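# Chains, contacts and geometry: an overview
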Amino acid sequence: MFRDGSDSLGTRSLPGREQSWSSSSVCSTIAEQQNTAYDLVSSHEILPVSLSDVSFFNEDEDDRDRAFQCTLAIIKPEIANLMYKVECIMAQNGFIIKEKAVLRLSRDQAAEFYDEHALAPYFAKLIDHMSEVPIVVYVLSKRNCVEEWLRLIGPENVSRAKRLFPVSLRAIYGTELGPDPVANAFHGSDSPAAAEREIKFFFPNSKVDSTIDSGDDDVVQYIKDTMMPTISEGLTEMFNILPQDPLRWFGNWLLTKGK
């Protein structure tokens, strides 16, 4: 466990990348902070929400093509103290937190993670920035997750994000004044292959893949196997009866069914 003056976030180190702290749901975390964190989300930061990523009936071709994916997301040092606020925004936009870790990278670990930027003129600046204080790392899940997370955070260049995508997270929280993608508040995997590689970097023991067949997803499978047979039975019976108040009838039917 990492301990120093900036450890108010409850960080851990990343020795050999062998440890991970996971959270299966954002709900329990937000519940503990709801009196402070949720109220911090102002109206202009509540971005468009997908009300449901689960189809209760037959999926069309486009839905089947948009399988559940996982991606790696990072809250960078400049806004790591706002992680609960960001988690509210993640939840509002339909993202499920599969894994979470608050940690501080060493310079060597930061350099290894950003190895593909080694020849970039901003590489040293990026390594210094990512290793100076703790970061928050997530494995997120959603349909078309890689693209949806990149869409939510916006362009790497903060100035461009502010100009062209003013409600993106980088436009709102990025502090970088120049063109370099350093203090732009967030990281997101740029492809499913990159997501798989980056997830293994931070969570080597995780069984989460970058792409998950929607039929194998725990939430979807639970709905299909456990809930839908009962719901279908109730809807069929309600159709035969045609009650005057369908919602009240169906609610009472579910209560009776559960006894």
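So, a few notes on the structure that sits alongside this text. (Residues numbered from 1 in each chain as written. Predicted model: local features only at pLDDT ≥ 70, side-chain atom pairs only at ≥ 80, totals over all residues. Heavy atoms only, no water.)

This part covers the environment of Leu-177. Tracing the chain through its elements places Leu-177 in the loop between α8 (169-173) and β4 (186-188). Leu-177 sits 20 residues away from Asn-157 along the chain, and the two C-alpha atoms are 9.1 Å apart. (Helix = DSSP H or I, 4+ residues; strand = E, 2+ residues; numbered from the N terminus.)

A few words now on helix α9 (residues 192-202). Of the residues making up α9, those classed as buried are Ala-194, Ala-195, Glu-198, Ile-199, Phe-201 and Phe-202. Projected down its long axis, α9 carries its buried residues within an arc of 155 degrees, all on one side. Opposite the packed face of α9, turned more than 90 degrees from it, sit the exposed residues Ala-193 and Lys-200. On its buried side, α9 packs onto β1 (68-75), β2 (96-103), α4 (107-113), β3 (135-143), α6 (145-153) and β4. (Buried < 20%, exposed > 50% of the residue type's maximum accessible area, 1.4 Å probe, protein only. Arc of directions from axis to C-beta. Contact = heavy atoms within 4.5 Å.)

Counted residue by residue, β3 has nine buried out of nine residues, so it is predominantly covered. Bridge count for β1 against β3 is eight bridges, and the pairing is antiparallel. The partner of Leu-72 across the bridge, within β3, is Val-139. Relative to β3, β2 runs antiparallel, the two sharing seven bridges. (Pairing = 2+ DSSP bridges.)

Tracing the chain through its elements places Asn-184 in the loop between α8 and β4. Discounting chain neighbours no more than four positions away, the residues touching Asn-184 are Lys-76, Glu-78, Glu-156, Val-158, Arg-170, Gly-174 and Glu-176.

That's the geometry; what it means functionally is another story.
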